[in-house]
Amino acid sequence: MYAVILAGGSGTRLWPLSRAQFPKQYLSLGRDRQSLFQASITRALVAVPAENILVVTHRDQSDEIKRQLALSGLQKIKILQEPLAQNTAPAVGFAAWYLLRHAGSAAVMAVLPSDHLIPDHDLFAATLLTGERAAAEYGLVTFGIRPTYPETGYGYIQCGVQLNTDAYRVGKFVEKPRLEKAQAYLKDPRYLWNSG
């Protein structure tokens with residue numbers, strides 16, 4: 001399995017702390033002094049060796065990534081530099097193209113944002129490995145999170161047919177529902193937050 005860390009962004013979400021060349025994932029927001037980006041790498045390393053980690057970023061942000069990887073003592077991680085920032089789908093496509101050429105068509109890639117906060121690294125690694133098995137058997141996998149409140153700013157996944165103890169076919173995706181729908185989804189165990 002390969003971990004593809006998406007490390008782009010325009011630096012507008014946490015301005016003035018974040019800026020165009022220093023988006024939020026490079027900020028140290030936790031107690032452990034790691035940036036969100038460094039924490040993403042640390043999490044991935046629990047399930048994937050360093051040589052199987054790729055970081056996709058805009059070329060203007062690659063120096064900061066190299067600096068943060070050096071601070072963590074990591075040298076085997078590959079950085080793919082986009083000439084133009086074109087959002088998530090082209091970044092994922094770039095990584096898929098690279099892996100197809102360098103690892104072959106049997107490679108499984110986990111696409112991971114660099115700005116998530118996930119404290120339980122062991123549970124995350126176990127979930128990735130479960131996803132790897134599901135991807136090998138069923139194809140494309142997305143991870144759902146059990147909702148804890150009726151959020152209207154997230155997308156939802158409706159679980160369809162159960163494939164095994166850990167995997168379901170996607171029934172449908174619902175993008176950012178109104179409050180009444182989100183309240184109904186909270187009560188319905190078939191609906192999960194779409195993790196991205």
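Everything here concerns the structure above.
These figures come from a predicted structure and were not determined experimentally.

The rules behind these values
Along each chain, the written sequence defines residue order, and numbers are assigned to residues from 1. Two thresholds apply to this predicted model, a pLDDT of at least 70 for residue-level local features and 80 or more for giving and counting side-chain atom pairs, whereas whole-chain, interface and lining totals are computed over all residues. Side-chain measures were taken over the full set of non-hydrogen atoms in the model, leaving aside hydrogen atoms and water. Counted as salt bridges are all cases of a side-chain nitrogen of Lys or Arg within 4 Å of a carboxyl oxygen of Asp or Glu. Each helix is a run of H or I in the DSSP string that is no shorter than four residues. Each strand is a run of E no shorter than two, and both are numbered from the N terminus. Paired strands, as defined in this entry, are two strands with at least two bridges between them according to DSSP. Between buried and exposed lies partly exposed: a residue is buried under 20% and exposed over 50% of the maximum accessible area for its type, with that area taken using a 1.4 Å probe on protein chains only. Contacts are residue-level and defined by heavy atoms, with any inter-residue pair within 4.5 Å sufficient.

Let's talk about the pattern of salt bridges
Phase 1: Under the criterion given, the structure shown has 2 salt bridges.
Phase 2: Arg67 is paired through a salt bridge with Glu64; the nearest N and O atoms lie 2.7 Å apart. Here Arg67 pairs with Glu64, and both are found in helix α2 (residues 62-71), just 3 residues apart, close to one helical turn.

Description of the sheet that holds strand β8 (residues 191-194)
Phase 1: Overall, antiparallel pairing links the 4 strands, which are arranged β5-β8-β6-β7 in an open sheet. Since the sheet does not close on itself, it has two edges, and those belong to β5 (144-145) and β7 (168-174), each with one partner.
Phase 2: Looking at chain direction, strand β6 (residues 156-162) and β7 are connected through 5 bridges and run antiparallel. Bridged to Tyr156 within β7 is Val174.

Description of unusual backbone geometry
Most peptide bonds take the trans configuration, and most residues that are not glycine carry a negative phi.
Phase 1: Even without being a glycine, Lys176 presents a positive backbone phi close to 40°.
Phase 2: When you line up the elements, Lys176 lands in the loop between β7 and α5 (179-187).

Structural notes on the environment of Ile118
Phase 1: Examined against the element boundaries, Ile118 turns out to sit in the loop between β4 (109-113) and α4 (121-138).
Phase 2: Classification of Ile118 by relative accessible area gives partly exposed; the value is 25%.
Phase 3: Between the alpha carbons of Ile118 and Ser40 there is a distance of 8.4 Å; along the sequence they are 78 residues apart.
Phase 4: Apart from residues no more than four positions distant in its own chain, Ile118 is found in contact with Arg43 and Phe124.

Points about the pairing of strand β1 (residues 2-6)
Phase 1: Burial of β1 is extensive: 5 of the 5 residues sit out of reach of the surface.
Phase 2: Because side chains alternate across β1, one face comprises the buried residues Tyr2, Val4 and Leu6, and the other comprises Ala3 and Ile5, equally buried.
Phase 3: Where β1 meets β4, 5 bridges bridge the pair, whose relative direction is parallel. Bridge pairing in β4 places Leu6 opposite Pro113.
Phase 4: Pairing between β1 and strand β2 (residues 53-58): 4 bridges, direction parallel. Along β2, the bridge assignment pairs Val4 with Leu54.

Interpretation note: all reported values are geometric properties and have no functional meaning in isolation.
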